[in-house]
Amino acid sequence: MPMPVAFTKTEISDVLVVKTGRAEDDRGFFTESYSRPMWKAAGFEEIFVQDNLSRSRKGTLRGMHYQLSARGMGKLVRVLQGAVFDVAVDLRRGSPTFGKWVGRKLSAENGLSLWIPTGFAHGFVALDDETLVLYKCTDSHAPGAERSLHYNDPTVAVSWPIQPTIISPKDDQAPLFADAEYDFVHAG
């Protein structure tokens, strides 16, 4: 049974909220969370090569992560259980939204996904215990290209809905926006 997909631009037009069709009945629900032919027909051309799954307790911060442009990684983020506040920060020099962020609540209940293209730092804070997040990625993990941006940078000023309480040393020590290494250029 083909399920429709809809892409909605956010305040940063290249970051998209994705809503897939959902059939519900007494058993629960069914959705095609990703179908390459259907998504391609709707104008989405990206190809995914890796899936990541994380489980987090409430207050866990993961991010803000990205890979340098030669190994840039677009991410399609979806919550399978629980909820997160998911954030993307534009690192593309020359972009009208350079240094700006966009965030959305993603939950198992709302069934939304967020498409974050290459050129953005990505992170989230878990809003519930036992939150499961699945992200489809357009490139595989490349440790040599991996970089981070501090989640609480005052220049970017992400408005987190809850204070992160569980933060890895790597994420807590990530550089501020002014000192971070990124090599993305806005194509438009």
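Position labels on residues start from 1 in each chain and follow its written sequence. For a predicted model such as this one, the threshold for reporting local features is a pLDDT of at least 70, and the threshold for listing and counting side-chain atom pairs is 80 or more; totals across whole chains, interfaces and linings nevertheless cover every residue. In computing side-chain values, all of the structure's heavy atoms are included and hydrogens and water are not.

**Some details on the packing of aromatic side chains**
Then step 1. Pairing of aromatic rings covers Phe, Tyr and the six-membered ring of Trp, with a centre-to-centre limit of 6.5 Å; geometry is then stacked below 30 degrees between planes, edge-to-face above 60, and tilted otherwise. A complete count under the given rule lists 15 aromatic pairs for this structure.
Then step 2. Residues Phe44 and Trp115 carry aromatic rings whose centres are separated by 5.0 Å and whose planes lie at 85 degrees to one another, so their mutual orientation is edge-to-face. Pair noted here: Phe44 is in the loop between α1 (36–41) and β5 (50–56) and Trp115 is in strand β11 (residues 112–116), with a separation of 71 residues, a long-range link. Of the two residues, Phe44 and Trp115, both sit in the buried class.
Then step 3. Overall, Trp115 belongs to the buried group, its relative accessible area being 5%.
Then step 4. Through successive ring pairs, a cluster of aromatic residues spans Phe7, Tyr34, Trp39, Phe44, Phe48 and Trp115.
Then step 5. Only lysine NZ and arginine CZ atoms are considered, and such an atom sits over a ring when it is within 6 Å of the ring centre and within 35 degrees of the ring normal. Directly above the aromatic system of Phe29 lies the positively charged group of Arg22, at a separation of 3.8 Å from the ring centroid. Numbering of helices and strands runs from the N terminus; a helix is a DSSP stretch of H or I covering at least four residues, while a strand is a stretch of E covering at least two. Each residue is assigned to one of three classes by its accessible area relative to the maximum for its type, calculated with a 1.4 Å probe on protein chains only: buried under 20%, partly exposed between the two thresholds, exposed over 50%.

**So, the side chain of Asp90**
Then step 1. Here Asp90 shows up in strand β8 (residues 83–90).
Then step 2. N or O atoms closer than or at 3.5 Å make up a polar contact, with two conditions inside protein: a donor-capable atom paired with an acceptor-capable one, and, for residues adjacent in sequence, both atoms drawn from side chains. At a separation of 2.6 Å, a polar atom in the side chain of Asp90 contacts the side chain of Thr97.
Then step 3. Whether two residues are in contact is decided by their heavy atoms, any of which lying within 4.5 Å being enough. Setting aside residues no more than four positions away along its own chain, Asp90 makes contact with Ile12, Ser95, Thr97, Phe98, Gly99, Lys100, Gly119, Phe120 and Phe177.

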